[in-house]
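Close look at the chain arrangement
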Protein chains: 2
Amino acid sequence: MKRTAITSLCLMILTGVFGQNKTIQERLGYAKETKLLIIHADDLGVSHSENSASIYALENGSVNSGSIMVPCPWFPEIAAYASTHPTADLGLHLTLTSEWKFYKWGPVSLAGEISGLLNEGGFFNDNVTALVNNSNAQDVEKELRSQIEQALRFGINPTHFDAHMGCVFATAEYLQILIKLGREYKVPVLLNREAQKFVFKVDLDKYINDKDVVVDKLLMATPEDYKKGMPAFYTGVLKSLQPGLSCILLHAAYDNEEMRAVTIDHPDYGSAWRQADFNFFTSEACKTLIGEEKIKLITWKEIRDKLLR
Amino acid sequence: MKRTAITSLCLMILTGVFGQNKTIQERLGYAKETKLLIIHADDLGVSHSENSASIYALENGSVNSGSIMVPCPWFPEIAAYASTHPTADLGLHLTLTSEWKFYKWGPVSLAGEISGLLNEGGFFNDNVTALVNNSNAQDVEKELRSQIEQALRFGINPTHFDAHMGCVFATAEYLQILIKLGREYKVPVLLNREAQKFVFKVDLDKYINDKDVVVDKLLMATPEDYKKGMPAFYTGVLKSLQPGLSCILLHAAYDNEEMRAVTIDHPDYGSAWRQADFNFFTSEACKTLIGEEKIKLITWKEIRDKLLR
């Protein structure tokens, strides 16, 4: 074989290898050094306060994506918004827990079919450990499908799936259901190696393939960060953002009577916290910083439509 | 037979007859001319706004009774209040409809067992006609029992049963279920001949016995009354109250963002309406009028404990 032929062969093999190892930003058509960021509001549907603040932040602030809790009382309000605003980047915040003290919701499924997911009041459990200890994969899959189908019935065209309180990331079995549903409905699901490994002790790479979308960096304020001040935390996040696909998870709501009552006795991710998130991501300072740091905002819809449809 | 014996016999017969024909105020140990009144707040549990305004009106205003919607999202909040305030006069506002546009609830029962009560979103129908056309008595009884048992499970000791939007008064069949449940749980149910006859076209007297409690006069503001002003309407009601057992049905809530969003596109019984109800029944003018008109406030609890237990 001639030298040039060998070189060509090597190049072809290398191209093949590198093709598979392309960064997510390259797969999406951006340069390797691009800092892609999704600024994502969780918990839409949980309350009127959350809905109205999140819609404001989507329309006027730097928030460019959000996800909806289908089993929650205010779901019909955000579903009406989603169905009349088809360009809004809205996915489903799949939900198997009902964590607040005096304000509860239950399943979308016929409850008799997924009774393992419910406490004796007929509501979801208030924490993920109780969920994992009492339910099974069949119930989880049935209820997640019910939530997706309910969303479609209400005119939502989901751009992505993620999970409330990480409920569906909690075990390898649940995670596989989430990945399967994402493939089936052709939407990206929120996956991140670090979160899977350190929070949920699941090795993500066992369950994904080349077509799945993995977020390089998932960023969310902790109670420690909140205590030090949200502007400082988020400014630090934006200034230290690296090339690749990052996602900030926040919770936007107005700190009003309704939201204080929803989050009563729970300052972490509570009403004032959500107002602080709202304040930063609707500020001019945030917009300026995004420009200065040459951050490219990207939606789940762009990712879905470029890579999965 | 001697004349005195005949007279005695007649007296005994008359006493027997009059015994059965005793007025409700006499059965309760009051003089015949007593104007007994229950000032009753409906819809507790529907929202945080409704809960907090109704609790304020019960504790500080002239409202002396209320009833709780078990299937609603804010039920756990009012249940916690009821269970820690056992002297509060709280009954169950049995609920088979979910009438608001963007804020919904479904059944307490395992939904598969009462699917006739639900629309395709898995919520209750938004009006009583749809309920009657699509459901059956078995489903109605099952769901009402689930609501009662859920209330007991949450520590509520109900003083009475009534019905949201009159859902359980709508047919003779439903009405009989309500009466049966009242007898079984030994609580009075809200019954009124006029409302039954003119609104629901059901002849109440076919279904009740001497032990059942019937309210002589049921009073609730109409959209016409609201337009003319609530203070004028309620002042008229209090000034023209007759001896017997009367019951004013009102809806107290704060006219805030949450309540405006709950009642969107529905001014009748809407947010401002509920604030107007709250304003009148927490006013000094109302208290003064009750005193001036020699109205005796009575709770469902007093009625329950004197006549049914």
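Now for a quick tour of the structure.

The rules we used
- Residues numbered from 1 in each chain as written.
- Chains lettered and ligands numbered in written order.
- Predicted model: local features only at pLDDT ≥ 70, side-chain atom pairs only at ≥ 80, totals over all residues.
- Heavy atoms only, no water.
- Helix = DSSP H or I, 4+ residues; strand = E, 2+ residues; numbered from the N terminus.
- Buried < 20%, exposed > 50% of the residue type's maximum accessible area, 1.4 Å probe, protein only.
- Contact = heavy atoms within 4.5 Å.
- Areas by Shrake-Rupley, 256 points an atom, 1.4 Å probe, with all protein chains shown as cover.
- Lys, Arg positive; Asp, Glu negative; His and termini not counted.
- Salt bridge = Lys/Arg side-chain N within 4 Å of Asp/Glu carboxyl O.
- Polar contact = N/O pair within 3.5 Å; in protein donor to acceptor, adjacent residues only side chain to side chain.
- Least-squares fit on C-alpha atoms with pLDDT ≥ 70 in both.
- Nonpolar A, V, L, I, M, F, W, Y, C, P; charged D, E, K, R; others polar.
- Disulfide = S-S within 2.5 Å.
- Pairing = 2+ DSSP bridges.
- Right-handed = clockwise from strand over helix to strand, strands pointing away.

Right, let's get into the overall build of chain A. Secondary structure summary: chain A contains 14 helices and 7 strands in total. For chain A, the C-alpha atoms occupy an extent of roughly 75 × 45 × 35 Å along the three principal directions. Residue burial in chain A is summarised as follows: out of 309 residues, 57% are buried. Counted over contacts in chain A with a minimum sequence separation of 6, partners at least 24 positions apart contribute 76%. Looking at chain A as shown, the accessible area adds up to about 13,200 Å², and 55% of this sits on carbon and sulfur atoms.

It is worth spelling out the side chain of Glu258 of chain A at this point. All names here are of chain A. Mapped onto the secondary structure, Glu258 falls in helix α11 (residues 257-262). Buried within the structure, Glu258 lacks any salt-bridge partner; Arg260 is the closest side chain of opposite charge, at an N-O distance of 11 Å. A polar atom in the side chain of Glu258 sits 3.0 Å from the backbone nitrogen of His48.

Of the two same-sequence chains, chain A is brought onto chain B (RMSD 0.0 Å, axial shift 0.0 Å) by a rotation of 180°. Given the turn and translation reported, the copies of this chain are related as if by a two-fold rotation axis. A shared interface surface links the copies, since 100% of the contact residues of chain A are contact residues in chain B too.

Moving on, we come to the interface of chain A and chain B. Taken residue by residue, the interface counts 24 residues in chain A and 24 residues in chain B. Taken together, chain A and chain B are joined by 0 salt bridges. Taken together, the links from chain A to chain B amount to 8 residue pairs in polar contact (both at pLDDT 80 or more). For the side of chain A that touches chain B, the secondary-structure elements that each account for two or more residues are α4 (75-84), α6 (137-153) and α11 of chain A. Among the elements that take part in the side of chain A that touches chain B, α11 of chain A stands out by supplying 4 residues, more than any other. Classifying every residue of the side of chain A that touches chain B gives 12 nonpolar, 5 polar and 7 charged.

Residues and elements named next belong to chain B. Considering all chains together, one arrives at 0 disulfides over all chains under this definition. With no disulfide of its own, Cys72 lies 11 Å from the sulfur of Cys167, the closest cysteine sulfur. On the accessibility criterion, Cys167 (0% relative accessible area) is buried.

Our focus in this paragraph is the pairing of strand β2 (residues 65-68) of chain A. For a regular strand, side-chain orientation follows a simple rule: the groups alternate between the two sheet faces. All names here are of chain A. Neither face of β2 is open: one carries Ser65 and Ser67, the other Gly66 and Ile68, and all of them are buried. Bridge count for strand β1 (residues 35-44) against β2 is 3 bridges, and the pairing is parallel. Directly across from His40, in β2, lies its bridge partner Ser65. Handedness of the crossover is the feature at issue here: the chain leaves β1, passes through helix α3 (residues 48-60), returns alongside β2, and the resulting connection is right-handed. Where β2 lies against strand β3 (residues 90-94), 3 bridges are found, and the strand directions are parallel. The residue of β3 that forms the bridge with Ser67 is Gly91. Where the polypeptide runs from β2 across α4 and back to β3, its parallel neighbour, the crossover connection is right-handed.

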